[in-house]
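As a plain string of letters, each chain reads:
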Amino acid sequence: MAEMLSSSKGLLAIWHSWRLTILVVLALFLVSVRMYRRVYLSRSKTTASASIPSSPRNKSLEISSTSKVSAGTPPPQPTLNNVDAARTDTTKASSGPKRVQGKRPAKTVTGRRAIIQETHPFFIQPVIFFASLTTTTERYANLLLEELRVSAQAHASLIDREGGLLPPQIHDISYIDFEDYFAAAPKPPSTSPGTQYLYCILIPTYNIDTVLNTLLGHLDEIHNDFRIDTAPLSQLAGYSVFGFGDKEEWPTEEEGFCSQAKEVDRWMAKLTGRKRAYPLGMGDVKSDAERSLKEWSQGLQETIMEMLETGGLGEGVPGSGDAVESDEEDVEYLEDMNDESYVVKSKKKSGSTMVDLEDIRINGQSAAPIPVDFTTAGPAVTTEPQAKEMVPKTSPTYTALTKQGYTIVGSHSGVKICRWTKSALRGRGSCYKYSFYGIRSHLCMEATPSLSCSNKCIFCWRHGTNPVGTTWRWKVDSPELIFAGVKEGHYKKIKMLKGVPGVRAERFAEAMQIRHCALSLVGEPIFYPHINRFLDMLHQERISSFLVCNAQHPDQLQALNRVTQLYVSIDASNRESLRKIDRPLHRDFWERFQRCLDILREKRHIQRTVFRLTLVKGFNVEDEVIGYANLVEKALPGLIEIKGVTFCGTSTSAGAGLTMKNVPFYEEVSAFVVALNEELQRRGLEYGIAAEHAHSCCVLLASGRFRVNGKWHTRIDYDRFFELLEKEKADGTSFAPEDYMRETEEWALWGRGGFNPDDERVFRKGRDADSRARKAREILGAEMVQGSL
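Keep in mind that this is a model prediction, so the values were computed, not measured.

A. Molecular detail of the overall build of the protein chain. Counting its secondary structure elements, the protein chain contains 25 helices and 22 strands. Out of the 789 residues in the protein chain, the part that is buried amounts to 48%. The contacts in the protein chain between residues at least 6 apart in sequence include a share of 79% that link residues at least 24 apart. A total accessible area of about 40800 Å² is found for the protein chain, and carbon and sulfur atoms account for 54% of it.

And the structure:
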């Protein structure tokens, strides 16, 4: 130990004696090393620069300026890697040494498509194909050619700067090689690699063997050739087909009207990967061919302009698939809602860090206590809660409703496409509102300014996912925001259907002008504080208003302005049944219900008032005819709609005791209507069975006020309604429901079925009306036998 201490003291003494010298020598050494490395590196760069080859750009210029390349050898083409390398070299030369930054570089689109998007404008090149034996279709093709040429000239100012519509090309199918156009998409010219082609195909229909049979055979072979991709035309911008037919020889589509055009449209949907740009158009060469073609052309041109703005066809239902019906959406949605971890998954997916307890639902049940309005049983609450959004974008409620097909507008409104809208667009029939009131479903918008409701009905299609409440305690959006939002959402959803097979071009064009609004989507529209202003905005654009309320808000009902037709849901005839079916949140729900009936009686000479009865077997059908007659006698509604419940298969409904056994057959609904009508007549009330829509399992009872000269007038003259409304606002002249009624169509009357003969009735799974009725009678007979035993 003593030796170690003595040696350390010796080293310390040496350091103190020579430390200055040691530090100077070390500094000189480091400076020498640094100077040596700088000189060496500069010499290395000078030597290496002499051996660096010229860039690909310079090399290509040298090759083009010399004659060393042989005549049979094509000049080298720059590959994608060479282009990337050239860009990398240019970047390095201009920006200096590469800097390492402490962040991940942003993802960018790579490949030829990215280069085209960055360096070339986007053009659409229409290509018209036609076939013609009598030159009729050729004449129409030239008309279309001229319209597209004029449209291209109108947008010529955009060309060479940011893209645009190019002058159309035209080809006779008889003179082209199918391999050039229908085995693969044409390649864009080298001068404008951003060009995409849009096929416009005009097809007549013949009952003889023509070039169209050859074309259809070719399309079939291309699609089924295992050596070729199943969608070889997917590089097209899109396609659209218009067919010409003769209704004298083939009156309907089932009998062959425009059948070959429909076949071409079907094959093109497969070959293009479902890129139908505009629905199939059809025209009768002996009546409306030119007019129909012009309307189809206008719609096609509007689609082209949208493609130039957005760069593609946008979102939509795939062109080779069937339209998604609302009931199918509901069943699909159940697979997730039955999972108890759904709320957790939705929260993780949305990235939310905070969720309202009232929005958390497991298996359709609220995890938090349901808010109850005690204002009718105690003193009013003086403190106002802080305003919040009814349906925040981060909530499971928002996720659930959007998954069901809703477009949420603002914080508490919504819009959705009804399955009957899709049906009407395809010529498969409208809902009962067309039979009863003359509303064509593809002209109707289903919306609501309030997604919240004060009931939790067991048959609600929304699976208990919409908010509930007894008082408005949320943020209030302006009527202007809601009105613009629901229209935008509706039109966007209509545009998404343009690729659905069977959608008729003329109906698609008509659907782009909303004429009716059903405020019955979900929730309670009368709950919205500015409902009257919203109704005024509808009427200013001559959009009719059908408002449905649940008879739980008498004050709002009393203050409601005029609507085209006012509905009140009457789901039960007595207090106990109403509590079981509607499951209201208000403690004084029955008193509120009765007050609403009194208000409806007061409004019956100003509004078209309607009772909406939803029959639920086992809940409100048996032995309740007398009770319903009492309610009718009290409110004296102008119309009474009686409809069987539609079961949506939710876990919430099953928990409440609702199953498929509670869905009445149409025969049972009809029997109930007959019994109610007899009871009303026994009491001296002038009502009668006016119309029916068997497809919707719905029957209409009407007051004698709508029976003129022995004929029912349940339909609405909408033009007359708006004329009377404008006059009332101008000089205060009031009017009654009888002033804007129209005669009911013959096919809609009671006993006629109520299906529009101009549409095509489609039965699912091969079932027809007779087999369904026969099955219903068999089931009813079996139940009667079991009851007797």
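Next comes the rest of the write-up.
B. Representation of the pairing of strand β10 (residues 413-416) within the structure. Of the two faces of β10, the one carrying Ser 413 and Val 415 and the one carrying Gly 414 and Lys 416 are both buried. Summarising the sheet, strand β9 (residues 407-409) and β10 pair through three bridges and their orientation is antiparallel. When the sheet's bridge partners are listed, Thr 407 is paired in β10 with Val 415. What sits between the antiparallel neighbours β9 and β10 is a turn of three residues, in which Gly 410 has the positive phi angle 60°. Examined bridge by bridge, β10 and strand β11 (residues 444-448) share three bridges and lie antiparallel to one another. Directly across from Gly 414, in β11, lies its bridge partner Thr 448.

C. The sheet that holds strand β17 (residues 687-693), seen in detail. On the basis of which strands lie adjacent, the open sheet formed by ten strands has the order β9-β10-β11-β12-β13-β14-β15-β16-β18-β17 and mixed pairing. The sheet is open, and its two edges are formed by β9 and β17, each paired on a single side. The sheet shows a mean angle of 25° between the axes of neighbouring strands, direction not considered. Each of β12 (516-519) and β13 (544-549) is contacted by helix α17 (residues 531-540), which is oriented at about 150° to β13, the strand it contacts most.

D. Up close: the nonpolar core. Counting 81 residues, the largest nonpolar core has Phe 611, Ile 642 and Leu 676 as its most contacted members. At seven residues, helix α20 (residues 589-603) tops the list of elements feeding residues into this core. If sequence neighbours within four positions are ignored, Leu 676 has contacts with Leu 613, Val 625, Tyr 628, Ala 629, Ile 642 and Leu 701.

E. Seen up close, the side chain of Glu 641. By the element assignment, Glu 641 lies in strand β16 (residues 639-644). At a separation of 2.6 Å, a polar atom in the side chain of Glu 641 contacts the side chain of Tyr 437. Not counting residues within four places of it along the chain, the set of residues in contact with Glu 641 comprises Tyr 432, Phe 436, Tyr 437, Tyr 567, Val 610, Phe 611, Arg 612, Leu 613, Val 699 and Leu 700.

F. Inspection of the packing of aromatic side chains at higher detail. Here the structure, examined in full by the defined rule, presents 25 aromatic pairs. Note on Phe 242 and Trp 296: the rings are 5.4 Å apart at their centroids and 55° apart in plane angle, and the pair reads as tilted. Taken together, the residues Phe 242 in strand β5 (residues 238-245) and Trp 296 in helix α9 (residues 289-310) connect sequence positions 54 residues apart. Exposure remark for Phe 242: the relative accessible area of 1% places this residue in the buried category. Ring centres of Trp 472 and Trp 474 lie 5.6 Å apart, and the angle between their planes is 90°; this geometry places the pair in the edge-to-face category. Here the two residues Trp 472 and Trp 474 agree in accessibility, since each one is buried. Through successive ring pairs, a cluster of aromatic residues spans Phe 129, Phe 178, Tyr 181, Phe 182 and Tyr 199. Between the NZ or CZ atom of Lys 247 and the centre of the ring of Phe 257, over which it lies, the distance is 5.3 Å.

G. Spatial organisation of the pairing of β5. The element β5 is extensively covered by neighbouring structure, given that eight of its eight residues are classed as buried. Taken together, strand β4 (residues 195-204), helix α7 (residues 211-224) and β5 constitute a β-α-β crossover, and its handedness is right-handed. Note that β5 and strand β6 (residues 281-284) share four bridges and pair parallel. Residue pairing across strands places Phe 244 opposite Gly 283, the latter belonging to β6.

H. Highlighting the confidence of the model for the protein chain. Confidence along the protein chain averages 78 in pLDDT terms, with 73% of residues attaining 70 or more. A low-confidence stretch, residues 372-378 (pLDDT under 50), is modelled with twelve contacts involving residues beyond four sequence positions or located in other chains. Note on residues 650-655: pLDDT is under 50 here. Beyond four places in sequence and across chains, it has twelve contacts.

I. Structural view of the packing of helix α19 (residues 575-582) against α20. One way to put it is that α19 packs onto α20 with a least axis distance of 10 Å and a crossing angle of 105°. It follows that α19 is roughly perpendicular to α20 by the angle criterion. On the side of α19, the interface is formed by Arg 575, Leu 578 and Arg 579, while α20 contributes Phe 589, Trp 590, Glu 591 and Phe 593. Looking at the contact of α19 with α20 residue by residue, the classes come out as four nonpolar, no polar and three charged.

J. Main features of helix α24 (residues 718-731). Under the 1.5 Å per step criterion, the end-to-end length of α24 is 20 Å for 14 residues, consistent within 8% with the ideal 20 Å. Where α24 is concerned, the buried positions are Tyr 718, Phe 721, Phe 722, Leu 724 and Leu 725. Viewed end-on, α24 has its buried residues packed into an arc of 160°, placing them on one side of the element. For α24, the exposed residues set more than 90 degrees away from the buried face come down to Asp 719 and Ala 730. Buried residues along α24 sit against α14 (432-437), β12, α17, β13 and β21 (715-716). Gly 732 sits one or two positions beyond α24 and adopts a positive phi of about 80°.

K. Here's a closer look at the pattern of salt bridges. Applying the stated criterion to the full structure yields 34 salt bridges. One salt bridge in this structure joins Lys 617 and Glu 668, with 2.9 Å as the shortest N-O distance. Remark: Glu 668 occurs in helix α23 (residues 666-682) and Lys 617 occurs in the loop between β15 (609-615) and α21 (625-635); sequence separation between them is 51 residues. Considered together, Lys 617 and Glu 668 belong to a single accessibility category, that of buried residues. Linked by salt bridges that have partners in common, Glu 633, Glu 679, Arg 682 and Arg 683 make up one network.

L. Up close: helix α12 (residues 396-403). Listing the buried residues of α12 in full gives Pro 396, Thr 397, Ala 400 and Leu 401. Down the axis of α12, the buried side of the element spans an arc of 125°, and every buried residue falls inside it. Downstream of α12 by a residue or two, Gly 405 has a phi angle that is positive, lying close to 105°.

M. Spotlight on the packing of helix α5 (residues 136-154) against α9. Here α5 crosses α9 at 35°, and the two axes come no closer than 11 Å. Crossing handedness for the pair α5 and α9: right-handed. Between α5, through Arg 139, Tyr 140, Leu 143, Leu 144, Glu 147, Leu 148 and Ser 151, and α9, the contact on the second element is made entirely by Ala 289, Glu 290, Leu 293, Lys 294, Trp 296, Ser 297, Gln 301, Ile 304 and Met 305. Here the contact of α5 with α9 is composed, by residue class, of nine nonpolar, three polar and four charged.

N. Examining the environment of Leu 631 more closely. Its location among the elements puts Leu 631 in helix α21. A relative accessible area of 5% places Leu 631 in the buried class. Taking the C-alpha atoms as reference, Leu 631 lies 7.0 Å from Ser 573; in sequence the two are 58 residues apart. Residues contacting Leu 631, with those up to four places away along its chain left out, are Ile 570, Ala 572, Ser 573, Phe 593, Gln 594, Leu 597 and Phe 611.

O. Spotlight on the environment of Ile 408. Among the secondary structure elements, Ile 408 is positioned in strand β9. Among residues more than four places away in sequence, those in contact with Ile 408 are Tyr 398, Leu 401, Thr 402, Ser 413, Gly 414 and Leu 451.

P. Quick peek at a negative patch on the surface. Residues Asp 177, Glu 179, Asp 180, Asp 220 and Glu 221 make up a contiguous surface patch of negative charge. Relative to the assigned elements, Glu 179 resides in helix α6 (residues 178-182).

Q. Layout of unusual backbone geometry. In this structure, Arg 542 takes a positive phi of about 55° despite not being glycine. Take Arg 542: it is sitting in the loop between α17 and β13. Judged by relative accessible area, which is 30%, Arg 542 ranks as partly exposed.

Rules used throughout
Residues numbered from 1 in each chain as written. Predicted model: local features only at pLDDT ≥ 70, side-chain atom pairs only at ≥ 80, totals over all residues. Heavy atoms only, no water. Helix = DSSP H or I, 4+ residues; strand = E, 2+ residues; numbered from the N terminus. Buried < 20%, exposed > 50% of the residue type's maximum accessible area, 1.4 Å probe, protein only. Contact = heavy atoms within 4.5 Å. Areas by Shrake-Rupley, 256 points an atom, 1.4 Å probe, with all protein chains shown as cover. Pairing = 2+ DSSP bridges. Axes fitted to C-alpha atoms, helices over the stretch in contact; angles between N-to-C directions. Core = buried A, V, L, I, M, F, W, Y, C linked by side-chain atoms within 4.5 Å. Polar contact = N/O pair within 3.5 Å; in protein donor to acceptor, adjacent residues only side chain to side chain. Phe/Tyr/Trp six-rings, centres within 6.5 Å; stacked < 30°, edge-to-face > 60°. Lys NZ or Arg CZ within 6 Å of the ring centre and 35° of its normal. Right-handed = clockwise from strand over helix to strand, strands pointing away. pLDDT = per-residue confidence, 0-100. Parallel < 35°, antiparallel > 145°, perpendicular 65-115°, else oblique. Nonpolar A, V, L, I, M, F, W, Y, C, P; charged D, E, K, R; others polar. Expected span 1.5 Å × (residues − 1). Arc of directions from axis to C-beta. Salt bridge = Lys/Arg side-chain N within 4 Å of Asp/Glu carboxyl O. Left-handed = near helix turned anticlockwise from the far one by under 90°. Patch = residues over 30% accessible without salt bridge, like charges linked within 9 Å, V, L, I, M, F, W, Y side chains within 5 Å. Lys, Arg positive; Asp, Glu negative; His and termini not counted. Charge placed at Lys NZ, Arg CZ, Asp CG, Glu CD.

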